[in-house]
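Residue-level listing of the chains:
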Amino acid sequence: MQIVGLVIAALIAAADQGLKYYIVTNYRLGEVHDVLPGLFSFTYIRNNGAAWNILSGKMWFFYLISAVAIGVVLYYYFNKKYSHWMFKSGLVLVLGGIIGNLIDRLHLKYVVDMIQLDFVQFNIFNLADAAITVGVILIFSYLLFIERED
C-alpha cells in the first residue's frame, strides 16, 4: 500500500511540472491572466529563493534542505509507528511538493510560480507550494489532535 503514496507524490510533482511547463511556454515573464476573476489568476514569475523570496540565490542551501527533507519524509513514511492516514497523506503531499520545486531548482536554478490569489494580498505560489502547505497542515493537525488519542 505504501507504493500508492509514492505514486501519488510522483503525480503531484508531475502535475506541478506540467502546469509550470504550460506557464513557461505560453506566458511572458510577468504576464497575468485571470482564471476565475476576483478569485485567482496566473502570473508568471521566477523565484530564486524560498517563500517571500528569502535566501534569494542560495541554491546550495535549497539543495541541502530538500535532500534532508526528502530523507526525513521517507523515514516517517516508511516507519510503521506512523500509520494514520492523515499523517501519511500529509507526508505524501509534502514529498510531492518538495520534488516538484527541487526539479525546478536543479534544472532552472529558480522556481516557477504562477498562482495569484486576487482576493487577498499574498505571495504568488505554485502547485508544489500548495501541496507542501496542505501537507504540513495535515501533519500538524494529526500531531496536535489525533496522535494523543492513538
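Residues numbered from 1 in each chain as written. Predicted model: local features only at pLDDT ≥ 70, side-chain atom pairs only at ≥ 80, totals over all residues. Heavy atoms only, no water.

If you look the chain up in an unreviewed UniProt entry, it shows as Lipoprotein signal peptidase from Lactobacillus nasalidis. Quoted verbatim from the Subcellular location (unreviewed entry) field of the UniProt record, the comment on the chain reads "Cell membrane". Comment text from UniProt for the chain, heading Catalytic activity (unreviewed entry), reads "Release of signal peptides from bacterial membrane prolipoproteins. Hydrolyzes -Xaa-Yaa-Zaa-|-(S,diacylglyceryl)Cys-, in which Xaa is hydrophobic (preferably Leu), and Yaa (Ala or Ser) and Zaa (Gly or Ala) have small, neutral side chains." (UniProt positions renumbered as here; feature names shortened; annotations may be inferred.)

**Examining a nonpolar patch on the surface**
On the surface, a nonpolar cluster with roughly 630 Å² of combined accessible area is contributed by Met1, Ile3, Val4, Val7, Ile8 and Leu11. Exposure remark for Ile3: the relative accessible area of 58% places this residue in the exposed category. (Patch = residues over 30% accessible without salt bridge, like charges linked within 9 Å, V, L, I, M, F, W, Y side chains within 5 Å. Areas by Shrake-Rupley, 256 points an atom, 1.4 Å probe, with all protein chains shown as cover. Salt bridge = Lys/Arg side-chain N within 4 Å of Asp/Glu carboxyl O. Buried < 20%, exposed > 50% of the residue type's maximum accessible area, 1.4 Å probe, protein only.)

**Digging into the UniProt feature "transmembrane region" (unreviewed entry) in the chain**
Listed under "transmembrane region" (unreviewed entry) in the UniProt record, and renumbered for this structure, are residues 60-78, 85-103 and 123-145. What you have in residues 60-78 is 100% helix and 0% strand, and the ends, taken at the C-alpha atoms, are 27 Å apart. The distance from the first to the last C-alpha atom of residues 123-145 is 29 Å, and the span holds 83% helix and 0% strand. (Helix = DSSP H or I, 4+ residues; strand = E, 2+ residues; numbered from the N terminus.)

**Quick look at the nonpolar core**
Judged by nonpolar contacts, the single largest core of 20 residues is most densely connected at Val73, Phe87 and Leu91. Among the secondary structure elements, those contributing two or more residues to this core are α1 (2-26), α2 (59-78), α3 (85-108) and α4 (127-146). Look past the residues within four positions of Leu91 in its chain and what remains in contact with it is Val73, Tyr76, Tyr77 and Ile139. (Core = buried A, V, L, I, M, F, W, Y, C linked by side-chain atoms within 4.5 Å. Contact = heavy atoms within 4.5 Å.)

**Looking at the packing of α1 against α3**
Across the interface, α1 lies against α3 with an axial gap of 8 Å and an inter-helix angle of 40 degrees. Judged by the angle between their axes, α1 and α3 are oblique. Remark: the crossing between α1 and α3 carries right-handed chirality. In this structure, α1 contributes Gln2, Gly5, Leu6, Ile8, Ala9, Ile12, Ala13, Asp16, Gln17 and Lys20 to the contact, and α3 contributes Lys88, Val92, Leu93, Leu95, Gly96, Gly97, Ile99, Gly100, Asn101, Ile103 and Asp104. Taken together, the residues that form the contact of α1 with α3 break down as 10 nonpolar, 7 polar and 4 charged. (Axes fitted to C-alpha atoms, helices over the stretch in contact; angles between N-to-C directions. Parallel < 35°, antiparallel > 145°, perpendicular 65-115°, else oblique. Left-handed = near helix turned anticlockwise from the far one by under 90°. Nonpolar A, V, L, I, M, F, W, Y, C, P; charged D, E, K, R; others polar.)

**Notes on the side chain of Asp113**
Its place among the elements puts Asp113 in strand β3 (residues 111-117). Among the polar contacts listed, one links the side chain of Asp113 to the side chain of Asn47, at a separation of 3.4 Å. Of note is the side chain of Asp113, whose polar atom sits 2.8 Å from the side chain of Asn126. Ignoring anything within four residues of it in the chain, the contact list for Asp113 reads Thr43, Tyr44, Ile45, Asn47, Ile124, Phe125, Asn126 and Asp129. (Polar contact = N/O pair within 3.5 Å; in protein donor to acceptor, adjacent residues only side chain to side chain.)

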